[in-house]
Amino acid sequence: LRQSENRYRTVVESQSEFIVRWTPDKKRTFVNEAYCRYFGITPEQALSTGFMPLVYAEDRPAVEEKTARMLSGDTRFETDIHRVVRADGSIGWQEWTDHAVYDEYGQLVEFQSVGRDITERKQAEEALQKANEQLHTHLAEIEQLHTELREQAIRDPLTGLYNRRYMQDMFKQEFSRARRANHPVSVIMLDMDELKVFNDTYG
C-alpha cells in the first residue's frame, strides 16, 4: 500500500498540470507541486483554506453554479474556464476539468480537478479579437471616405448640386438601360437668366 501510494504521488507530483482534490464545501484535501508553484502558496496554506478566494470575483458565480450541478448529481463531469488571482496579485486564465468521486455506496465523497494555465492563449484570443475590431473600424472609415470622395467628385461644393461628371455617368447608365428596354430617352435643358447676378450677389 505504501509503495502504491508513493508511486501515485510521484506520478501526480511530476505533472505540469495542476491537480487538486476538494470536498463539497470547497476545502482542498490534496494539491500537487505545480498547483502550489503557480499560485505562489505552500501546500500547508492550500490545505488549510478553500479555493474560492483564488477565483476572480466576477467568475465566482459561474464556478458556484458548476459546483451546484455536480453536487445535485446532474453531472459527474464538468469543464470550465475562469480567471484566478495569484499570490502576487496577477490574474491568469485556467481551464479546469472536474470529476465527482463517489464511494462504494454511491455517496459523493469529493471532487478531483485537473487544471492548466491558458493565459497566453486567452491573451492571443483577446489580441486577435481587438485586431478584428480595429480592422472593422478601419474598413468602415475607408468606406466612409470612399463615399465622401465620390460625393465630392460628383457634386458642386458650393451648391451641393450634381455636376457635369455626374451628368455624364448618368447619361451612360440611362442610355444603356434605354437600349436594353428599347425605350426612348428624353433630355430637358434649362437656362437660368441672369445667373451671373445671382452668383455675384449670393456667392
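Check the entry above for the structure.
Residues numbered from 1 in each chain as written. Predicted model: local features only at pLDDT ≥ 70, side-chain atom pairs only at ≥ 80, totals over all residues. Heavy atoms only, no water.

### Quick notes on the pairing of strand β1 (residues 18-22)
So, point 1. Among the five residues that make up β1, five are buried, leaving the element largely enclosed by the rest of the structure.
So, point 2. Neither face of β1 is exposed, since F18, V20 and W22 on one face and I19 and R21 on the opposite face are all buried.
So, point 3. Bridging between β1 and strand β2 (residues 28-31) involves three bridges; their strand directions are antiparallel. Pairing of W22 across the sheet is with R28, part of β2. (Buried < 20%, exposed > 50% of the residue type's maximum accessible area, 1.4 Å probe, protein only. Helix = DSSP H or I, 4+ residues; strand = E, 2+ residues; numbered from the N terminus. Pairing = 2+ DSSP bridges.)

### Points about the nonpolar core
So, point 1. By size, the foremost hydrophobic cluster in this structure holds 21 residues, and its most contacted members are F18, V20, V31, Y35, F39 and F51.
So, point 2. For this core, the elements supplying multiple residues, two or more each, are β1, α2 (33-39), α4 (60-71) and β4 (91-102).
So, point 3. Each residue touching Y35, except ones within four places of it in the same chain, is listed here: F18, I19, V20, R28, I41, F51, L54 and W96. (Core = buried A, V, L, I, M, F, W, Y, C linked by side-chain atoms within 4.5 Å. Contact = heavy atoms within 4.5 Å.)

### As for the sheet that holds β4
So, point 1. In space, the five strands of this open sheet follow the order β2-β1-β5-β4-β3, with antiparallel pairing throughout. Edge positions in the sheet fall to β2 and β3 (77-85), since each of these pairs with one other strand and no more. Taken over all neighbouring pairs, the strand axes of this sheet differ in orientation by 25 degrees on average, direction set aside.
So, point 2. Here β4 pairs with strand β5 (residues 108-117) via nine bridges, running antiparallel. Looking at β5, one finds that A100 is bridged to F111.
So, point 3. This element, α4, spans β1, β3, β4 and β5 of the sheet and lies at about 155 degrees to β3.
So, point 4. The strands touched by helix α5 (residues 119-154) within the sheet are β3, β4 and β5, with β4 carrying the most contacts at an inclination of about 125 degrees. (Axes fitted to C-alpha atoms, helices over the stretch in contact; angles between N-to-C directions.)

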